[in-house]
Amino acid sequence: MKLHKMLSQIAVLLIFFICLSSCSLFDKNKSKRSEVVTKLKSSAKLASVEYVITKVVKAEKVRPILKNSYFFAHTEAYIKAGIDLDKLKEDDVEVEGNRVKLHLPPIEIINFSYPVDSFRLVDKYTTKPGIFAGAFTLEERDELYKQGETSIRENIKELNIVETAEKNTRNLIQKLLEASGFEVYVTFRKSEELSSDHDELAKDYDDKE
Amino acid sequence: MLLFRKLWFIIVLVAVLGIGFVVAGEMNWLPLPKISNLFGKSEVKIADTPLEVKEVKDIGELICAEFYGEVYADLNDAYRAVFEEYKQHIETYGDTLGIYRDSMFTDFPLLKNMIDKRKDIEELNKEFQKKSEEFKAISNEYLTKKAVYDSIRTVYDSVMVAYKKGQEEYIENKRNFNIAIDELRDKERDFSRQIRKLKRRNKEDEVEQMQESKANIEDNIKQYIDLLNENLDRWQATQKSTNEMKEVYKRYEREYNRIKNEYDRKKDGFNNFKEDYEEEIEERTSMDKKLVYIGRGWVKAGFDLTNFEPDDIEVNKSSDTTNLILHVNRPKILVTDINPWFIKTKKTEIEGYEIFMKKGSDRKFTNAEQVKVKSVCKDKLREEAVRKGILNNAETSGEETLIQFFQLFGIENITIKYKEDNNTKLAKQDG
């Protein structure tokens, strides 16, 4: 009888913990689309500037019972900006003799690259794997880099990339057309949003949802 | 007393379970609940660090083709790549790695084992290469014979169709000619009867007329008999050539079947050998841990105009037209990217890198191994893009873009010349 009671108490406790664990299971496995359509498409994007951005990705796991664990990595992002020539319309071009007025499409992010090869883990400030060390798991590291990317993307506007890209695009177009015998005046359409290649890609998938 | 004992038991039980869960949490054996924040298991946020502009580069890249795709790579791929890099270094520069070798072995702990087993594996590889070459030769011979047999078979099939058609024609002609001859013979007999009657009545003029008509009928019969004979000759000739063809075909068929049987036998042998070889390699290079990543990203290709000089454009103006020649380098891969996020919007979240399979404790994986698997994903994505024709697409679409761009300014004839091979593409604007 005693044994029976003991077993039932153990069972109750186990059920309690399993319930708690399953809550976290649902949390961990939030649905992610994993189907990426393979496609090859034509485009006409002229990138005139590349910004190399560095960001330190660091995080701390606070563990009241055990020692805290740390993660520290230097990362680099490469951001290319320019214009989409497919958005250049005939009305944007005025030709009078050898004088050309060009009203170019707004500057946008042509490519955002946050390559894994540029992530340098700083061993000195990162907790090494070990029993009870609490080192960051592979999944946790990936999660930190994802947060790093989101943070960089959210702050691109502050980098003054539009002005530099406009200047460089103007120079490049002038170089091309002046060599062809034209005198060129270049202006840009303005856009409140700094659109990016990512928006265009995301649109395809958002539309499918 | 009983209550005290019970309470004591519950305290011990809870303590044991608690410790168990701490250990399980630490070892990542269980996906622990939020309560385990006590052990640092809750979602960790990165600290708010500033962005620093390291460099601003002036570039001029015209992206003309984009490839989006998904690839897989595992730890075996990563080690193969590292091993190849190591081997190439040794072959090119000799054993000059020095202390770098130790750091390589720390980053890739299984590399040393791979190098130690290199000789064994290379022996196996050599044997496999030899067998592959032998099988390739047999395969080529089989394919050549098959091509010849297929072409003979095509000819044989067409000859057989012609034979059948010829047979039908022969039968049809024979039937029609015989009907015509029978009809003419009836008429001839009829004329003979009438001539005899007219002769009995001494109607000489009419007899003469009738005899002329009868002679015509006899000529017709003769013509039909000639046609009948020609028909037969033709049919016999067809039969003869068909029989010859049949003999040739049978000879080739026998030869083909012999080669095919030999090929099938050797193919089975080679496949068994290949299976054994792969098992052997797998056994010798097997790892006690597994890591497979899915990588989703893009490859972009186009013209690099960064070093574009005014001399790269030639303009020739005549009285009514302007000709422009643009000298550019051939399109190349400009970027290959798999970012942490493939897409992240409010509606859609698709990871750039996603762990598909992980076997072994996290402690067993080094950062370098993780990075290398991801890096191999990128290499595979680039290879896939090239295989899917991104460079050709970039060339076609890039030429179109450049031509359309200059046409906006009224330039009529635009020629694109590639610097390295002087191949030219000419576009003319109508009117």
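Bear in mind the structure is a predicted one, so any value in this text is a computation, not a measurement. (Residues numbered from 1 in each chain as written. Chains lettered and ligands numbered in written order. Predicted model: local features only at pLDDT ≥ 70, side-chain atom pairs only at ≥ 80, totals over all residues. Heavy atoms only, no water.)

1. Description of the overall build of chain A
Note the cut-off: A helix here means a DSSP run of H or I that spans at least four residues, while a strand means a run of E at least two residues long, and both kinds are numbered starting from the N terminus. To sort residues, take the accessible area from a 1.4 Å probe on protein chains only and compare it with the maximum for the residue type: under 20% means buried, over 50% means exposed, and anything in between is partly exposed. In this description, contact between two residues means that some pair of their heavy atoms is separated by no more than 4.5 Å. Surface accessibility in these figures is a Shrake-Rupley result with a 1.4 Å probe; residues are shielded only by whichever protein chains are displayed.
A count of helices and strands for chain A gives 4 helices and 7 strands. Its helices and strands in sequence order give chain A the pattern α-β-β-β-β-β-β-α-α-β-α, from N to C terminus. In chain A, which comprises 209 residues, the proportion classed as buried is 49%. Across chain A, every contact between residues at least 6 apart in sequence was considered, and the portion connecting residues at least 24 apart equals 79%. A total of about 10800 Å² of accessible surface is found on chain A, and carbon and sulfur atoms cover 55% of it.

2. Some points on the interface of chain B and chain A
Reports of interface size often rely on the accessible area that becomes lost once the parts have come together. Basically, it comes down to this: Buried area: the sum, over both parts, of the accessible surface (1.4 Å probe) that disappears when the two are put together. Each salt bridge in this description consists of a side-chain nitrogen of Lys or Arg and a carboxyl oxygen of Asp or Glu lying within 4 Å of one another. Pairs of strands are assigned from DSSP output, requiring at least two bridges between the strands.
Between chain B and chain A, the residue contacts involve 100 residues of the former and 110 residues of the latter. Of the roughly 9500 Å² buried between chain B and chain A on both sides combined, carbon and sulfur atoms contribute 62%. Area buried by chain B at its contact with chain A is led by B:Ile46, B:Leu51 and B:Phe409, which between them contribute 8% of it. Summed over the shared surface of chain B and chain A, the number is 10 salt bridges. Salt-bridge contacts for B:Lys57 lead to A:Glu50; the nearest nitrogen and oxygen are separated by 3.5 Å. Broken down by element, the side of chain B that touches chain A gets its largest block of residues, 20 residues, from strand S1 (residues 51-74) of chain B. Where strand S1 (residues 39-61) of chain A and S1(B) come together, 14 bridges link them in antiparallel fashion. Paired with A:Val49 across the strands is B:Asp58, a residue of S1(B).

3. Details of the pattern of salt bridges
Any two side chains of opposite charge can pair, on the condition that their charged atoms come close. For the structure on display, the rule yields 45 salt bridges over all chains. A salt bridge links A:Asp197 to B:Lys300, with the nearest nitrogen and oxygen atoms 3.1 Å apart. Taken together, the positions of A:Asp197 in helix H4 (residues 197-208) and B:Lys300 in strand S2 (residues 290-304) put the pair across two chains. The pair formed by A:Asp197 and B:Lys300 is uniform in burial state, with each residue classed as buried. Ionic contacts of the salt-bridge type, sharing partners, join the residues B:Lys145, B:Glu255, B:Arg258, B:Glu262 and B:Lys266 into one network.

4. Some remarks on the packing of helix H5 (residues 118-200) of chain B against helix H6 (residues 204-284) of chain B
All names here are of chain B. Counted only if it meets this: For every element, the axis is a line fit to its C-alpha atoms; helices are fit only across the contacting stretch, and the angle between N-to-C directions ranges from 0 to 180 degrees. Relative orientations are named as follows: roughly parallel for angles under 35 degrees, roughly antiparallel for angles over 145 degrees, roughly perpendicular for angles from 65 to 115 degrees, and oblique for any other angle. For a crossing to be left-handed, the near helix must be turned anticlockwise from the far one by less than a right angle; the clockwise case is right-handed. Think of it as three bins: nonpolar holds Ala, Val, Leu, Ile, Met, Phe, Trp, Tyr, Cys and Pro, charged holds Asp, Glu, Lys and Arg, and polar takes everything else, Gly as well.
Contact pair H5 / H6: the axes reach a minimum separation of 4 Å and the direction vectors enclose 165 degrees. As the angle between them shows, H5 and H6 are arranged roughly antiparallel. With respect to the hand of their crossing, H5 and H6 are arranged in left-handed fashion. For the contact of H5 with H6, a count of residues per class yields 42 nonpolar, 16 polar and 26 charged.

5. So, unusual backbone geometry
Its identity as a non-glycine residue notwithstanding, A:Asn160 has a phi of 65 degrees, on the positive side. Note that A:Asn160 resides in the loop between helix H2 (138-154) and helix H3 (161-178). Taking relative accessible area as the criterion, A:Asn160 reaches 43% and is therefore assigned partly exposed. For B:Asn202, which is not a glycine, the phi torsion comes out positive at approximately 60 degrees. When you line up the elements, B:Asn202 lands in the loop between H5 and H6.

6. Structural notes on the sheet that holds strand S3 (residues 93-96) of chain A
Residues and elements named next belong to chain A. Read from one edge of the open sheet, 3 strands run S3-S4-S7, paired in mixed fashion. The open sheet has two edge strands, S3 and strand S7 (183-188), and neither has a second partner. Strand-to-strand twist of the sheet, defined as the mean angle between neighbouring strand axes without regard to direction, takes the value 10 degrees. Across 4 bridges, S3 lies against strand S4 (residues 99-104) in antiparallel orientation. Opposite Glu94, over in S4, you have Lys101 as the bridge partner. Sheet contacts for H3: S4 and S7; angle to S7, the most-contacted strand, approximately 155 degrees.

7. Focus: helix H2 (residues 75-93) of chain B
Residues and elements named next belong to chain B. Where we set the bar: To estimate the expected span of a helix, count its residues, drop one, and scale the result by 1.5 Å. The term polar contact refers here to a pair of N or O atoms within 3.5 Å; inside protein, the definition further demands a hydrogen-donor-capable atom paired with an acceptor-capable atom, and it admits residues adjacent in sequence only when both atoms are side-chain atoms.
The end-to-end C-alpha distance of H2, which contains 19 residues, comes to 27 Å, matching closely the 27 Å that a straight helix rising 1.5 Å per residue would cover. Residues Leu75, Asp77, Ala78, Tyr79, Val82, Phe83, Tyr86 and Lys87 constitute the buried set of H2. Elements that come into contact with the buried residues of H2 comprise S1, helix H3 (99-107), helix H4 (111-116), H5, S2 and helix H7 (367-387). With a side-chain oxygen positioned 3.1 Å from the backbone nitrogen of Asn76, the residue opening H2 is Asp74. Positive backbone phi, at 80 degrees, marks Gly94, one or two positions downstream of H2.

8. Here's the deal with the confidence of the model for chain B
Residues and elements named next belong to chain B. Inclusion rule: Known as pLDDT, the predictor's per-residue confidence is scaled from 0 to 100.
Overall, the predicted model of chain B reaches an average pLDDT of 85, with 91% of residues at or above 70. The element-level mean pLDDT for chain B is lowest in strand S10 (residues 424-428), coming to 45, with strand S5 (residues 332-337) highest at 97. Scored below 50 in pLDDT, residues 422-431 makes 25 contacts in the model with residues more than four places away or belonging to other chains. Reported for the predicted complex are a pTM of 0.68 and an ipTM of 0.84.

9. What to know about the packing of aromatic side chains
Using the following cut-off: Put simply, two rings from Phe, Tyr or Trp (the six-membered ring, in Trp's case) pair if the centres are within 6.5 Å, and we call them stacked under 30 degrees between planes, edge-to-face over 60, tilted for the rest. Any Lys NZ or Arg CZ found within 6 Å of a ring centre and within 35 degrees of that ring's normal is scored as a charge over the ring.
Enumeration over the complete set of coordinates arrives at 27 aromatic pairs over all chains. Here B:Tyr170 and B:Trp235 contribute two aromatic rings whose centre-to-centre distance is 5.6 Å and whose plane-to-plane angle is 15 degrees, an arrangement assigned as stacked. Of this pair, B:Tyr170 sits in helix H5 while B:Trp235 sits in helix H6, and the two are 65 residues apart along the sequence. On the basis of relative accessibility, which here comes to 9%, the residue B:Trp235 falls in the buried class. On the basis of an interplanar angle of 40 degrees and a centroid distance of 6.2 Å, the ring pair of B:Trp298 and B:Phe342 is categorised as tilted. With a gap of 44 residues between them, B:Trp298 in strand S2 and B:Phe342 in strand S6 (residues 341-344) connect regions that are remote in the sequence. Pair check on accessibility: B:Trp298 and B:Phe342 agree, each one buried. An aromatic cluster is defined as three or more aromatic residues linked by ring pairs; in this entry it consists of B:Phe128, B:Phe135, B:Tyr142, B:Tyr149, B:Tyr156, B:Tyr249, B:Tyr256, B:Tyr263, B:Phe270, B:Phe273 and B:Tyr277. The positively charged end of A:Lys146 is found above the aromatic ring belonging to B:Trp341, 4.6 Å away from the centroid. When the ring centre of B:Tyr418 is taken as reference, the NZ or CZ atom of B:Arg330 above it lies at 4.2 Å.

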